[in-house]
Amino acid sequence: MSDWRKMSKDDLEHQFSPSSWSHRMSADDVIRAHVYINKARSVTQTLLDVPYGDGDGEKLDVYVPSSSSPDVPLVIYFHGGYWQFLSKNESGFLAVPLVQRGVVVVAVGYSVAPKGDMDLMVSQVRRSVVSVVQQYSHISGLYLCGHSAGAHLAAMVLSTDWTQYDISPQIKGVFLVSGIYDLQPILSTYVNEPLKMTEEVAIRNSPSHFLPQLKRSSTSCDIIVAVAQNDSPEFRKQSEEYFKALESAGLRVSFEDVPNTDHFNIIEQLVDENYRLTKLLLKMMGKS
Ligand SMILES: N[C@@H](CC(=O)c1ccccc1NC=O)C(=O)O
């Protein structure tokens, strides 16, 4: 049994308030800066609002490299924001250094709460991956990257039983940045107010409960679990425990504890081609 069960509501809410753990700025300023930086759309060629389903909000943006090379990896990005903030429109910032090196970047939109609930969001990201694979059959490799709530969604994609879908995507690598892999600790916090998850919903959408399925679906996938040095102890524990569980299951996984970062700039810095995680992502895709 982990420590969160023994915490007061105030302590638990503090643990799950990433902005209050930043060493750079006040909580309000760190969120303001995060939203501002995420809005920076890159100057690459784009295909915007491509539908991947019939539902409202089931759309994605594609950032296309200008040079045509026979070796074109594709990375699908799932944005963060506690399943209730941000959108695909704030996901273009990380496209620049990747597109420059001939990587296609896809930013997926999903129905954040209160419009969407957890079951819907998980179903949407799974269907978005199937749609991308059907649309882009000539890519050299499929990769996923997610931040915070988006890392949770990426981990749920890895844990999918694809027998219920038309195809079974072959995911080569996954980058999980400052994610949440067990939803139970947030049930009693403010995070769950718009989500309205019951315990049953939280359990059936927690990647930590689907390791055997992940092993069946994603055996040959390279997984990187990254966490910020200044993430809260509960956030750090979520990453450490998920990493250890993946490692014990015999998966190809590594852990990146990124120095001098907080919950927000751990992902914001992907705009920089010299940032440690940008380099690791490019290396994973054979583009370093
Ligand atoms: N209450 C949360 C808010 C939060 O996590 C957030 C808010 C706006 C945009 C993104 C957010 N989180 C992660 O991407 C916090 O304390 O940071």
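These numbers come from a predicted model, not from an experiment. (Residues numbered from 1 in each chain as written. Predicted model: local features only at pLDDT ≥ 70, side-chain atom pairs only at ≥ 80, totals over all residues. Heavy atoms only, no water.)

(A) Molecular detail of the site of the ligand. Close to the ligand lie 14 residues, the nearest being Ser-17, Pro-18, Ser-19, Gly-81 and Tyr-190. Measuring from an oxygen atom of the ligand, one finds a backbone N or O atom of Gly-81 at 3.2 Å. Here a nitrogen atom of the ligand sits 2.9 Å away from a polar atom, N or O, in the side chain of Tyr-190. Against a free-state accessible area of 400 Å², the protein chains account for coverage of 92% of the ligand. Across the shell around the ligand, the residue classes break down as seven nonpolar, seven polar and no charged. (Near = heavy atom within 4 Å. Polar contact = N/O pair within 3.5 Å; in protein donor to acceptor, adjacent residues only side chain to side chain. Areas by Shrake-Rupley, 256 points an atom, 1.4 Å probe, with all protein chains shown as cover. Nonpolar A, V, L, I, M, F, W, Y, C, P; charged D, E, K, R; others polar.)

(B) Here's a closer look at the packing of aromatic side chains. What the rule picks out here adds up to eight aromatic pairs. Between Trp-162 and Tyr-165, the ring centres sit 5.2 Å apart and the planes meet at 65 degrees, which makes this aromatic pair edge-to-face. Members of the aromatic cluster, each reached through a chain of ring pairs, are Phe-16, Tyr-82, Trp-83, Tyr-190 and Phe-235. (Phe/Tyr/Trp six-rings, centres within 6.5 Å; stacked < 30°, edge-to-face > 60°.)

(C) Main features of the UniProt feature "domain: Alpha/beta hydrolase fold-3" (unreviewed entry) in the protein. Those places that UniProt annotates as "domain: Alpha/beta hydrolase fold-3" (unreviewed entry) correspond, in this numbering, to residues 75-263. With 35% helix and 20% strand, the stretch residues 75-263 has end C-alpha atoms that lie 21 Å from each other. (UniProt positions renumbered as here; feature names shortened; annotations may be inferred. Helix = DSSP H or I, 4+ residues; strand = E, 2+ residues; numbered from the N terminus.)

(D) How the structure looks around the pattern of salt bridges. Applying the stated criterion across every chain, the model contains 17 salt bridges. Arg-236 is the salt-bridge partner of Glu-240, the closest N and O atoms lying 3.8 Å from each other. With Glu-240 and Arg-236 both in helix H9 (residues 233-248) and four residues apart, the pair spans about one turn of that helix. According to the relative accessible area criterion, Arg-236 is buried, its value standing at 17%. It is possible to trace a salt-bridge network through shared partners that takes in Asp-3, Glu-234 and Lys-237. (Salt bridge = Lys/Arg side-chain N within 4 Å of Asp/Glu carboxyl O. Buried < 20%, exposed > 50% of the residue type's maximum accessible area, 1.4 Å probe, protein only.)

(E) Examining unusual backbone geometry more closely. Omega for the bond connecting Ala-113 with Pro-114 falls within 30 degrees of zero, at 5 degrees, which places this linkage in the cis form. Here Pro-114 is to be found in the loop between strand E4 (104-108) and helix H4 (118-135). The backbone of Trp-83 sits at a positive phi, close to 60 degrees, despite the residue not being glycine. Residue placement: Trp-83 occurs in the loop between strand E3 (73-78) and helix H3 (95-99). Residue Trp-83 is classed as buried on the basis of its relative accessible area, which comes to 0%.

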